[in-house]
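Coordinate inspection notes
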Amino acid sequence: MIEQEKEARDYIQEKGGAPALRSLSVLSERLKDENQRQNLVANGSLDHIWIRHFADSAQLLDHVPRETRGPWLDLGSGAGFPGLVLAILRPDIEFVLIESRRLRVEWLERMSSELGLENCRIKGCRLEQVTTVEAGVISARAFAPLAKLLLLSARFSTDDTRWVLPKGRSAAHEVQELPGRESKMFHVEQSLTDQEAGIVVGRGKVREKA
Ligand SMILES: C[S@@+](CC[C@H](N)C(=O)[O-])C[C@H]1O[C@@H](n2cnc3c(N)ncnc32)[C@H](O)[C@@H]1O
């Protein structure tokens, strides 16, 4: 488990080296500022930003094979978690961050530009309006209940699509509640940043209707 901010920084450094640490330090400063203008993350989480947001996002890479290709769709990116962190750590993958709220979209665009993330595109609209593409990976943190998330995003999946969905304490229960075929597609991995949280991980095409 990652329990200290220093451990979280070391974990990120292992994954992305000094450039990632520098980019995330900038993101940390900007986020603390911007959170006074718009409610991007819980204020209480800002004192543990490296664990609660950066390492929490980065750990998704442990469940995606290194050779996986994009596009990597991050649904409901909000403040940029996990999408911005992952785009920093994997400049070789094309990321598409989908977010519907205007102020959040502007924030994501500003940060992507300031951090020079050429591999990161922001789609400022509802997921339902995004043109269908074949996703290499789909991630979503705190976006929607699992069954709804899968229905909304099924059209982006292929037999090869990887799914990495941080789901907090409800992970196992949400997987059990899925219809038979889907419940067999997914399993739960332990989160490294929260003893009680799980990440729903799977691979394959999800049916577009229940
Ligand atoms: C609870 S926030 C989570 C943000 C971020 N993923 C995180 O974990 O910090 C959910 C985000 O999803 C966005 N959202 C909800 N429904 C959406 C939709 N249908 N299309 C695009 N964005 C959506 C909201 O605007 C919000 O920013």
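The sections below set out a description of the structure shown in this document. (Residues numbered from 1 in each chain as written. Predicted model: local features only at pLDDT ≥ 70, side-chain atom pairs only at ≥ 80, totals over all residues. Heavy atoms only, no water.)

1. Digging into the overall build of the protein
Basically, it comes down to this: Put simply, DSSP marks the helices as runs of H or I at least four residues long and the strands as runs of E at least two long, and each gets a number from the N terminus on. This radius of gyration counts C-alpha atoms alone. The globule rule is 2.2 Å times how many residues there are, raised to the power 0.38. Partly exposed describes any residue whose relative accessible area lies between the buried limit of under 20% and the exposed limit of over 50%, with all areas from a 1.4 Å probe on protein chains only and scaled to the type maximum. Whether two residues are in contact is decided by their heavy atoms: any pair within 4.5 Å suffices. Computed by Shrake-Rupley with a 1.4 Å probe, the accessible areas treat only the displayed protein chains as cover when residues are assessed. For the purpose of counting charges, residues Lys and Arg are taken to be positive, whereas Asp and Glu are taken to be negative. His and the chain ends are not included. Think of each charge as sitting on NZ of Lys, CZ of Arg, CG of Asp or CD of Glu.
For the protein, the count of helices and strands is seven helices and seven strands. Helices and strands in the protein line up, N terminus first, as α-α-β-α-β-α-β-β-α-β-α-α-β-β. Expected size for 210 residues packed as a compact globule is a radius of gyration near 17 Å; at 16 Å, the protein falls within 12% of this value. In terms of its C-alpha atoms, the protein occupies a principal-axis envelope of roughly 45 × 35 × 35 Å. Within the protein, the fraction of its 210 residues that count as buried is 53%. When contacts within the protein are restricted to residue pairs at least 6 apart in sequence, those whose partners lie at least 24 apart make up 71%. Of the roughly 10200 Å² of accessible surface on the protein, 46% is carried by carbon and sulfur atoms. Within the protein, one finds 30 positive and 31 negative side-chain charges whose respective centroids are separated by 4 Å.

2. Quick word on the layout of surface pockets
Let me state the cut-off plainly: The method works on a 1 Å grid over the protein atoms by themselves. A cavity is a set of points holding a 1.4 Å probe that cannot get out, a pocket is an open set with protein on both sides within 12 Å along at least five of seven lines, and residues with an atom within 4 Å of a point line them. Grid points are joined across faces, edges and corners, and a volume is the space filled by probe spheres set on the points.
Approximately 830 Å³ is the volume attributed to the largest pocket. G76, F81, R141, A142 and F143 are, among the 41 residues lining the largest pocket, the residues nearest its centre. Elements that contribute at least two residues to the lining of the largest pocket include exactly α2 (49–58), α5 (146–153), β5 (162–168) and β7 (198–203). It is α2 that provides the largest number of residues to the lining of the largest pocket, a total of four residues.

3. Description of the packing of helix α1 (residues 5–34) against helix α4 (residues 102–114)
Worth spelling out the cut-off: Only the stretch in contact is used when fitting a helix axis, every axis being a line fitted to C-alpha atoms; angles between N-to-C directions are given from 0 to 180 degrees. Here the word oblique covers every angle except those under 35 degrees (roughly parallel), over 145 (roughly antiparallel) and from 65 to 115 (roughly perpendicular). It is the rotation of the near helix from the far one that decides the hand of a crossing: anticlockwise by less than a right angle makes it left-handed, clockwise makes it right-handed. Residues were grouped as follows: Ala, Val, Leu, Ile, Met, Phe, Trp, Tyr, Cys and Pro as nonpolar; Asp, Glu, Lys and Arg as charged; and all remaining residues, including Gly, as polar.
Between α1 and α4, the shortest axis-to-axis distance is 11 Å and the interhelical angle comes to 155°. Of the possible angle classes, the one that applies to α1 and α4 is roughly antiparallel. When the axes of α1 and α4 are compared, the crossing they make is right-handed. Between α1, through V26, L27, R30, L31 and E34, and α4, the contact on the second element is made entirely by W107, R110, M111 and E114. Counted by class, the contact of α1 with α4 contains five nonpolar, no polar and four charged residues.

4. Here's the deal with the pattern of salt bridges
Threshold: What makes a salt bridge here is a side-chain nitrogen of Lys or Arg within 4 Å of a carboxyl oxygen of Asp or Glu, nothing more.
What the rule picks out here adds up to 16 salt bridges. Among the salt bridges present, the one from D160 reaches R203, with a minimum N-O distance of 3.1 Å. Of this pair, D160 sits in the loop between α5 and β5 while R203 sits in strand β7, placing them 43 residues apart in sequence. Residue E196 is joined to R169 by a salt bridge in which the shortest nitrogen-to-oxygen separation is 3.7 Å. Of this pair, E196 sits in the loop between β6 (186–190) and β7 while R169 sits in the loop between β5 and α6 (171–176), and the two are 27 residues apart along the sequence. Relative accessible area serves as the criterion here: at 48%, E196 is assigned to the partly exposed category. Judged by relative accessible area, which is 64%, R169 ranks as exposed. If you follow the salt bridges from partner to partner, you end up with E34, R37 and R110 in one network.

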